[in-house]
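Residue-level structure breakdown
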Amino acid sequence: MSELDLVLGLLDHQIVDCEGRRCGNVDDLEIEGGPGDTPVVTAILVGPAAWRERGWLGRLASRLGGGKMVRVPWDAVAEVKSGIELSKTASELGLGKGDDRAAQWVEKVPGA
Amino acid sequence: VSKIFQVALGILAAIGGFVDIGDIVFNVAAGATFGYQLIWVVAIGVVGIIVYSEMCGRVAAVGKRAVFDAIRERMGFGVGLGALIASEIVNFMTLAAEVGGIAIALQLLSGLPYRALILLAAVVLAVVVWVAPFEWIERIFGYGGLCLLVFAVGALKLHPNWGGFGHGWVPHVPDSGNLLVYGYFVVGLLGAAMTPYEVYFYSSGGIEERWQPADLGLNRANSIIGYGLGGFLSIALMIVSAELFLPEGVDPSTLGTVALGAEIPLGQAGLFLALLGILFAVGGAAIDTCLAGAYNLAQFFGWEWGKYRRPAQAPRFTISWAVLLVLAMAVIMSGIDAVMLTEFAVIFSVVALPLTYIPILLVANDKIYMGRYANGRLANTLGLVYLVVILFVSLTAIPFMILSHMGQG
């Protein structure tokens, strides 16, 4: 993939785990390869700490959102479609924790 | 047969999604001020919302992506976050205005105190969104909104001036009257017809209903016939207002005056149906805007979302719509005039339009996503023409609002 393809095809796309659960967006990419080498994506970065590099609004949102970030190794990516499909569950990779915490509250309401 | 049934349901949903407090306020005010002269603007607005919701529905069915996924993917985090903040603000203003509209309609029907009815409205909306499946929400409010057809009957009974009506379809600048006020109504009518929450809700709805490429015919029928009928109802409101309020110099600044438009030609039954229609149309729009606010947040941040999940399976999405509803109730309880708030919401939403519609056009064109379902020549031509229209109205909306003193001249 060229740099443009990486940005269009991966960055800011939805991440879906192997059970079809939405568990974050691609907030940043970890790319390896020096000048002249073919760049290789080694991991997907998810969480507020990854917003720091995403413009001034991103920096502000990152500060408000706290410093957490999850690194998803590229090995865990099963398929890239319009979303990024993982080969493991969100909890195995440490994703979707915000929804897990919120669920404890919502579950208290009858019918949830 | 089930296909026809589905089309019928989708059409009803589209009516509910189109005619909301913004359309009611702007169409009636436009009729009372300029008679039939602004019908052409409604027609342009309706074609615009058809073009873009058809694209959104197609992206949902083929690419499995809703509008705010597209906004973030195409605009990036920074600009996308700006678009999110802007759209959440105008969406929230619209939601609060719709909740106020429900309470006004309930008050005219029951005579109970306004603030108690705001509370009742919010509780009923919360229960409906919590309990009812997505499809049923669309159906209940779509069917109820059909009561607005009473305005079409009323319009016929008032024997409109068909010559003037025909002339209204031709874009023109009026010979007399305040041009700044005319401009304000042009911008407001376009904004009311193409309010962004309609596409947020429509595209997320396509995913809620698990549309597939096989449903693209359904998508096209829903958007064309549904929004077309919504435009028909808007024009009926404008005609009634032109016949009743323009000659008398009445400024229809309350929903009660709007309902008179059905009572004068059709009596008590007309009034009752008009209020019921307003209640369901505005109630449906309140749910649309409430869910749209939560869809946008969830899609931007990548949270789990959807009414097809149990509330606890999409917990941040659930909390988002609940909080938006409670805040809207609090804002409207504070005594802000719902009709006034509606005008502000429509005009400010016009400013946010390009950030919503440009990414839709880009994604609907993306061959990697869309393959052979990418935009054809017709969709692209119309999409680009409307982009020019949208850019024009978004740049002129606030100047027209200020210079015309919100249409007061």
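Rules of the game
- Residue positions within a chain follow its written sequence, with the count starting from 1.
- Numbering of ligands from 1 and lettering of chains from A proceed in the order in which they are written.
- Given that the model is predicted, a residue must reach a pLDDT of at least 70 before its local features are reported, and side-chain atom pairs must reach 80 or more before they are shown or counted; all residues, however, enter totals for whole chains, interfaces and linings.
- Values shown for side chains rest on all heavy atoms present in the structure; no hydrogens or waters enter the calculation.
- Contact criterion: two residues are considered in contact whenever any of their non-hydrogen atoms come within 4.5 Å of each other.
- Buried area: the accessible area, evaluated with a 1.4 Å probe, that two parts lose upon being put together, summed over both parts.
- Here, a salt bridge means any Lys or Arg side-chain nitrogen found within 4 Å of an Asp or Glu carboxyl oxygen.
- Polar contacts here mean pairs of N or O atoms no more than 3.5 Å apart (in protein, one a potential hydrogen donor and the other a potential acceptor; neighbouring residues in sequence count only if both atoms are side-chain atoms).
- Secondary structure elements are taken from DSSP: a helix is a run of H or I of four residues or more, a strand is a run of E of two residues or more, and numbering for both begins at the N terminus.
- By this definition, two strands are paired if DSSP reports at least two bridges between them.
- Interaxial angle, 0 to 180 degrees, is taken between N-to-C directions of lines fitted to C-alpha atoms, where a helix line uses only the stretch in contact.
- Partly exposed residues are those whose accessible area sits between 20% and 50% of the maximum for their type, while under 20% is buried and over 50% is exposed, using a 1.4 Å probe and protein chains only.
- The quantity called bend is, for any residue, the angle between two axes fitted respectively to the seven residues ending at it and the seven beginning at it.
- Working definition of a nonpolar core: buried Ala, Val, Leu, Ile, Met, Phe, Trp, Tyr and Cys residues. They are joined through side-chain atoms within 4.5 Å.
- Along the arc lie the directions from the helix axis toward the C-beta atoms.
- In summary, the pairing rule links any two rings of Phe, Tyr or Trp, Trp by its six-membered ring, whose centres are within 6.5 Å, and it sorts them by plane angle into stacked for under 30 degrees, edge-to-face for over 60 and tilted for everything else.
- Cation placement over rings: the criterion is NZ of Lys or CZ of Arg within 6 Å of the ring centroid and within 35° of the ring normal.
- Counting rule applied: Lys, Arg positive; Asp, Glu negative; His and chain ends not counted.

1. Brief notes about the interface of chain A and chain B
Accessible area lost on assembly of the parts is the figure often given for the size of an interface. Contact residues are listed per partner, giving 29 residues for chain A and 31 residues for chain B. Interface of chain A and chain B: buried area, both sides summed, is about 2,400 Å²; carbon and sulfur atoms make up 54% of it. For the pair chain A and chain B, the number of links is four salt bridges. Salt-bridge contacts for E304(B) lead to R22(A); the nearest nitrogen and oxygen are separated by 2.6 Å. Counting across the interface, chain A meets chain B through 16 residue pairs in polar contact (both at pLDDT 80 or more). Elements that contribute at least two residues to the side of chain A that touches chain B include exactly β2 (22-25), α2 (55-65) and α4 (97-106) of chain A. A total of five residues in the side of chain A that touches chain B trace back to one element, the largest contributor, which is α4(A).

2. Some remarks on the sheet that holds β2(A)
Strand pairing in a sheet takes place through backbone hydrogen bonds and is either antiparallel or parallel in direction. All names here are of chain A. Read from one edge to the other, the open sheet built from four strands follows the order β2-β1-β7-β6, with strand pairing classed as mixed. Lying at the two open borders of the sheet, with one neighbouring strand each, are β2 and β6 (77-80). Within this sheet the neighbouring strands show an average axis-to-axis angle of 25°, counted without direction. Relative to strand β7 (residues 84-86), β6 runs antiparallel, the two sharing three bridges. Across the sheet, residue E79 finds its bridge partner in β7, namely E85.

3. Quick notes on the pairing of strand β4 (residues 40-46) of chain A
On a regular strand, each side chain points to the face opposite its neighbour's, so the side chains alternate between the two faces of the sheet. All names here are of chain A. Most of β4 sits inside the fold, with five of its seven residues counted as buried. Bridge count for strand β3 (residues 28-32) against β4 is five bridges, and the pairing is antiparallel. By the bridge assignment, E30 is partnered in β4 with A43. In the sheet, β4 pairs with strand β5 (residues 70-73) via four bridges, with the strands oriented antiparallel.

4. Some details on the pattern of salt bridges
One side chain can pair with another of opposite charge once the charged atoms of both are near each other. All chains considered together, the criterion is met by twelve salt bridges over all chains. Where R71(A) meets E30(A), a salt bridge forms, and the shortest distance between an N and an O atom there is 2.8 Å. Placement of the pair is R71(A) in strand β5 and E30(A) in strand β3, with a sequence separation of 41 residues. One salt bridge connects R316(B) with D99(A), and the closest N-O pair in it is separated by 2.8 Å.

5. Here we look at the sheet that holds β4(A)
All names here are of chain A. One open sheet accounts for three strands, arranged β3-β4-β5; its pairing is antiparallel. The open sheet has two edge strands with one neighbour each: β3 and β5. Taken pair by pair, the neighbouring strands of this sheet meet at an average axis angle of 30°, ignoring direction.

6. Concerning helix α14 (residues 338-364) of chain B
At A352(B), α14(B) is bent by approximately 45°, the largest bend along its length, and proline P354(B) sits one to four residues beyond. Counting buried residues along α14(B), 20 of its 27 residues qualify, which places the element largely inside the surrounding structure.

7. Observations concerning the nonpolar core
A general feature of soluble globular proteins is that nonpolar side chains tend to end up buried together. Counting 163 residues, the largest nonpolar core has L38(B), Y52(B), F151(B), F317(B) and Y357(B) as the members making the most contacts within it. If one sorts the elements of this core by residue count, helix α12 (residues 255-301) of chain B sits on top with 22 residues. Those residues in contact with F151(B), other than ones at most four positions away along the chain, are A236(B), L237(B), V240(B), V258(B), A259(B), G261(B), A262(B) and A274(B). Formed by 17 residues, the second largest nonpolar core is a distinct cluster that contains L10(A), L11(A), V26(A) and V72(A).

8. Quick look at α2(A)
An α-helix turns once per 3.6 residues; consequently, residues spaced three or four apart project the same way. For α2(A), every residue scored as buried is listed here: L57(A), G58(A), A61(A) and S62(A). Projected down its long axis, α2(A) carries its buried residues within an arc of 140°, all on one side. Residues of α2(A) that are exposed and angled more than 90 degrees away from the buried face: W56(A), R63(A) and L64(A). As for α2(A), its buried residues are in contact with α4 (67-110) of chain B.

9. What about the packing of aromatic side chains?
Under the definition given, this model contains 25 aromatic pairs over all chains. Both rings, one in F34(B) and one in F185(B), keep their centres 6.1 Å apart while their planes meet at 80°; by these two values the pair is edge-to-face. Here the residue F34(B) occupies a position in helix α2 (residues 21-34), and F185(B) occupies one in helix α9 (residues 179-193), the gap between them amounting to 151 residues. The burial state of F34(B) is the same as that of F185(B); both residues are buried. Every member of this aromatic cluster is reached through a ring pair, and the members are W51(A), F77(B), F300(B), F301(B) and W303(B). For the cation-ring pair, K108(A) lies above W105(A), with the distance from its terminal atom to the ring centre recorded as 4.7 Å. A cation sits over an aromatic face here: R72(B) above F300(B), 5.1 Å from the ring centre.

10. What about the side chain of E208(B)?
Residue and element names in this part refer to chain B. Within the element layout of this structure, E208 appears in helix α10 (residues 196-208). Here E208 occupies a buried position and makes no salt bridge, while the nearest side chain of opposite charge, K307, is found at 7.4 Å. The residues contacting E208, other than those within four sequence positions of it, are F134, Y295, G306, K307 and Y308.

11. Regarding unusual backbone geometry
Residues and elements named next belong to chain B. With phi around 50°, H159 is a residue other than glycine that occupies positive phi space. Tracing the backbone through its elements, the reader meets H159 in the loop between α7 (149-157) and α8 (162-168). With a phi close to 50°, H405 is a non-glycine residue in the positive phi region. With respect to the secondary-structure elements, H405 resides in the segment after α16 (377-403).

Read these as layout, nothing more, since geometry by itself doesn't imply function.
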